[in-house]
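Descriptive structure summary
Residue-level listing of the chains:
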Amino acid sequence: MLRTLKEEVDIRAEAVQLVIDGKPVAVLSDQESVDQLLETYQQRYVGGLSRTPQADRSVRSGRSGQPKVKEVGFVQSVTSRPVTVDPDDVMQPHQVAEIIEAGAVAERKHTVQEGDSLWSIASRYDTTVKELLALNPNITENTLLQPGQQIVVKAKEPLLSVRVVEEVTETKSVPYKTEYVDEPKMYKGEQKVIRQGKNGTVRVTYEVTKVNGRVEAKRAVAEQVVEEPVNQVIAKGTKVVAARGTGQFRWPAIGGYVSSRYGQRGGRMHTGIDIARPASYNIVAADNGRVVFAGWDGAYGYSIIIDHNNGYRTRYAHLRSIKVRVGQVVERGQVIGVMGSTGRSTGTHLHFEVIKNGRTINPLSVL
Ligand SMILES: [Zn+2]
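Description of the structure in this document. (Residues numbered from 1 in each chain as written. Predicted model: local features only at pLDDT ≥ 70, side-chain atom pairs only at ≥ 80, totals over all residues. Heavy atoms only, no water.)

Here's the deal with helix α2 (residues 31-46)
For the α-helix, the turn length of 3.6 residues means that residues three or four positions removed from each other point alike. This is how the line gets drawn: Numbered from the N terminus, helices here are DSSP runs of H or I no shorter than four residues, and strands are runs of E no shorter than two. Between the first and last residue of a helix there are one fewer steps than residues, each counted as 1.5 Å, and that sum is the expected span. Any two residues having at least one pair of non-hydrogen atoms within 4.5 Å are treated as being in contact.
Relative to the 22 Å expected for 16 residues at 1.5 Å per residue, α2 spans 23 Å between its end C-alpha atoms, a close match to the ideal helical length. Buried positions along α2 lie against β1 (13-20), β2 (23-28), β3 (68-74), β4 (78-85), α4 (93-102) and β8 (162-174).

Focus: the sheet that holds strand β14 (residues 253-254)
Defined as follows: Strands qualify as paired when DSSP identifies two bridges or more between them.
In space, the four strands of this open sheet follow the order β14-β19-β25-β23, with antiparallel pairing throughout. The open sheet has two edge strands with one neighbour each: β14 and β23 (321-322). Summarising the sheet, β14 and strand β19 (residues 280-284) pair through two bridges and their orientation is antiparallel. Across the sheet, I254 pairs through a bridge with S280, a residue of β19.

So, a negative patch on the surface
Quick note on the threshold: Nonpolar side chains (Val, Leu, Ile, Met, Phe, Trp, Tyr) are joined into patches within 5 Å and like charges within 9 Å, using only residues with over 30% relative accessible area and no salt bridge. Only the protein chains shown count as cover for residues, and all accessible areas are computed by the Shrake-Rupley method using a 1.4 Å probe. A pairing counts as a salt bridge when a side-chain nitrogen of Lys or Arg comes within 4 Å of a carboxyl oxygen of Asp or Glu. We score Asp and Glu as negative and Lys and Arg as positive, and we do not count His or the chain ends. Here the site of a charge means atom NZ of a Lys, CZ of an Arg, CG of an Asp or CD of a Glu. Each residue is assigned to one of three classes by its accessible area relative to the maximum for its type, calculated with a 1.4 Å probe on protein chains only: buried under 20%, partly exposed between the two thresholds, exposed over 50%.
Where like charges cluster on the molecular surface, the negative patch consists of D30, E32, D35 and E39. Along the polypeptide, D35 turns up in helix α2. D35 sits in the partly exposed class, given a relative accessible area of 42%.

Some points on the nonpolar core
Rule in force here: Think of a nonpolar core as a cluster: buried Ala, Val, Leu, Ile, Met, Phe, Trp, Tyr and Cys residues, connected wherever their side-chain atoms sit within 4.5 Å.
Formed by 20 residues in total, the largest nonpolar core has its most connected members in I304, I306, Y316, I336 and L350. The residues touching I336, leaving out its near neighbours within four places in the chain, are I283, V284, A285, I304, I306, Y316, I322, K323, V324 and V330. In this structure, V16, I20, V69 and V164 belong to the second largest nonpolar core, which totals 19 residues.

Things to note about the coordination of the zinc ion
Cut-off, in case you're wondering: A 2.8 Å cut-off from the metal defines N, O and S donors, relaxed to 3.2 Å for Na, K and Ca; water is not in the atom list, so some sites may appear incomplete.
H270 (NE2), D274 (OD) and H351 (ND1) make up the full set of protein donors to the zinc ion, lying at 2.0 to 2.1 Å. Sequence spacing among the residues donating to the zinc ion works out to H-x3-D-x76-H. In this pair, H270 sits in strand β17 (residues 268-270) while H351 sits in strand β26 (residues 349-356), placing the two residues 81 residues apart along the sequence. Here H351 falls in the buried class, since its relative accessible area comes to 5%.

Notes on the packing of aromatic side chains
For clarity, the cut-off: What counts as a ring pair is set by centres within 6.5 Å for rings of Phe, Tyr and Trp (its six-membered ring), and what kind of pair is set by the plane angle: stacked under 30 degrees, edge-to-face over 60, tilted for all other angles. By definition here, charges over rings are those cases where NZ of Lys or CZ of Arg is within 6 Å of the ring centre and within 35 degrees of the ring normal.
Counted according to the given criterion, the structure contains three aromatic pairs. Judged by centre distance (5.0 Å) and plane angle (80°), the rings of W296 and Y302 are edge-to-face. Pairing Y316 with F352 gives two aromatic rings, centres 5.4 Å apart and planes at 50°, and the pair type is tilted. Here the residue Y316 occupies a position in strand β22 (residues 312-319), and F352 occupies one in strand β26, the gap between them amounting to 36 residues. Over the aromatic face of Y206 sits the side chain of K218, whose NZ or CZ is 4.5 Å from the ring centroid. We note K236 situated over the ring of Y180; from NZ or CZ to the ring centre the distance is 5.6 Å.

Here we look at unusual backbone geometry
If a residue is not glycine, its phi is most likely negative; likewise, a peptide bond is most likely trans. Its identity as a non-glycine residue notwithstanding, N309 has a phi of 60°, on the positive side. Along the polypeptide, N309 turns up in the loop between β21 (302-307) and β22. Residue classification places N309 among the partly exposed positions, given a relative accessible area of 36%.

Quick notes on the environment of A286
Structurally, A286 can be placed in the loop between β19 and β20 (289-296). For A286, a relative accessible area of 0% gives the class buried. As a C-alpha pair, A286 and I306 span 20 residues in sequence and 8.9 Å in three-dimensional space. Apart from the residues within four sequence positions on either side, A286 is in contact with Q248, F249, R250, T314, Y316, R332 and F352.

Here we look at the environment of Q113
As a reminder of what qualifies: Here a polar contact is taken to be a pair of N or O atoms separated by no more than 3.5 Å, where protein atoms must pair a possible hydrogen donor with a possible acceptor and residues adjacent in sequence count only if both atoms sit in side chains.
By the secondary structure assignment, Q113 is in the loop between β6 (104-111) and α5 (118-124). When the C-alpha atoms of Q113 and Q150 are compared, they prove to be 9.7 Å apart, with 37 residues separating the residues in sequence. At 3.1 Å, the side chain of Q113 and the backbone oxygen of T111 are in polar contact.

Some words on α4
Put simply, the test is: The arc in question is formed by the directions pointing from the helix axis toward the C-beta atoms.
Those residues of α4 lying buried are V96, A97 and I100. With its buried residues spanning 105° around the axis, α4 presents them on a single face. Looking at α4, the residues exposed on the side facing more than 90 degrees away from the buried face are H94 and E98. At its buried positions, α4 is contacted by β1, β2, α2 and β5 (90-91). Count one or two residues on from α4 and you reach G103, which has phi positive near 60°.

A word on the sheet that holds strand β10 (residues 191-195)
Keep this limit in mind: Orientation is described by lines fitted to C-alpha atoms, with helices fitted over the stretch in contact, and by angles between N-to-C directions that extend from 0 to 180 degrees.
Strand order in the open sheet formed by three strands is β9-β13-β10, with mixed pairing between adjacent strands. Two strands lie at the open edges of the sheet, namely β9 (178-187) and β10, each paired on one side alone. Each adjacent strand pair in this sheet contributes to an overall mean axis angle of 35°, direction not counted. Across seven bridges, the pairing between β9 and strand β13 (residues 232-239) is parallel. In the strand pairing of β13, Y187 is matched with K239.

Regarding the environment of G148
Within the secondary structure, G148 sits in the loop between α6 (129-135) and β7 (150-157). Excluding residues that lie within four positions of it along the chain, G148 makes contacts with T111 and V112.

Concerning the packing of α2 against α4
Note the following rule: Between 65 and 115 degrees an angle is taken as roughly perpendicular, under 35 as roughly parallel, over 145 as roughly antiparallel, and anywhere else as oblique. Two helices cross in a left-handed way if the nearer one is turned anticlockwise from the farther one by less than a right angle. They cross in a right-handed way if the turn is clockwise. In this count, Pro and Cys sit with the nonpolar residues alongside Ala, Val, Leu, Ile, Met, Phe, Trp and Tyr, while Asp, Glu, Lys and Arg are called charged and the others, Gly among them, polar.
Where α2 contacts α4, the axes come no closer than 10 Å and their chain directions differ by 50°. When the axes of α2 and α4 are compared, the pair comes out oblique. Considering how the two elements wind past one another, α2 and α4 form a crossing that is right-handed. Contacts between α2 and α4 involve S33, L37, Y41 and R44 on the former and, on the latter, P93, V96, A97, I100 and E101. Looking at side-chain class alone, the contact of α2 with α4 contains six nonpolar, one polar and two charged residues.

Listed below in structure tokens is the structure:
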């Protein structure tokens, strides 16, 4: 009855049709409803970070992490045109929003991630492995998926995708550099930090493009130095020492006295002199030379032998610790270890030997 009446009267309404990528989607009562629908649809991806004066202020004050929305738009082309329709065909904005959101099933490409399998992909897109294989004739159930590989999937996509361009600032650390300066007072091979390095900070502004909330692109557009890094400065020794002795031996300790002489001692040969009660426990090289032994040597305990490359060698025994290594060239007077009581020893002292052409001699004859 009603239908007949309508046909007879032929009621037609002026309305506006929403067109997405050239395809009519729905009819709304007027342009204002269309605009309102589109605005509301966009706002869901802009969230609370809309272009309010407050949000803008926080960006201007330079705080990090507060995105500033620069641009909001649709990926698809969205148009509208006036139409004359049956009033029953005119829809409410919320109904149209549902249609847009429900979208359509469309083919798209899935990029394989580490750990993906046909089964996990099928489950993610709410489909079956069989259907995936039908969409991808180049793969079989036995194909090993490679990360980065693209697979055709059918996925529900909303009719409209919202593209939001945001500006985000992030504070990043800038690692310090290390510079070296030559130090002639230090031996070659020695290093010392003379200025501690400190990382700097820089504020980087990125333009982030999101589609339906997913980040599609991120690029740096500005960089502001907050704090310059402080370079680390390391002094590098350049002093080169001749490995050949001068022939002039010096006292191998800092002070102290001879507590036991070279020669026969209780029926045994004492092959060096003992030096005890020094002013400082540092032991120094008696002359220039090259370290040929540095380590543990039975009754000598921790000990060092220096070859002076002139027929003489010197031995420093019962050390508490050793500060040189085999092969190292040492200078007359350079600290090589610390006096101790390791090995066969009854108290803290240095056992010092001078060896001339392979035989020990009385050190006091050359000191
Ligand atoms: Zn001794």
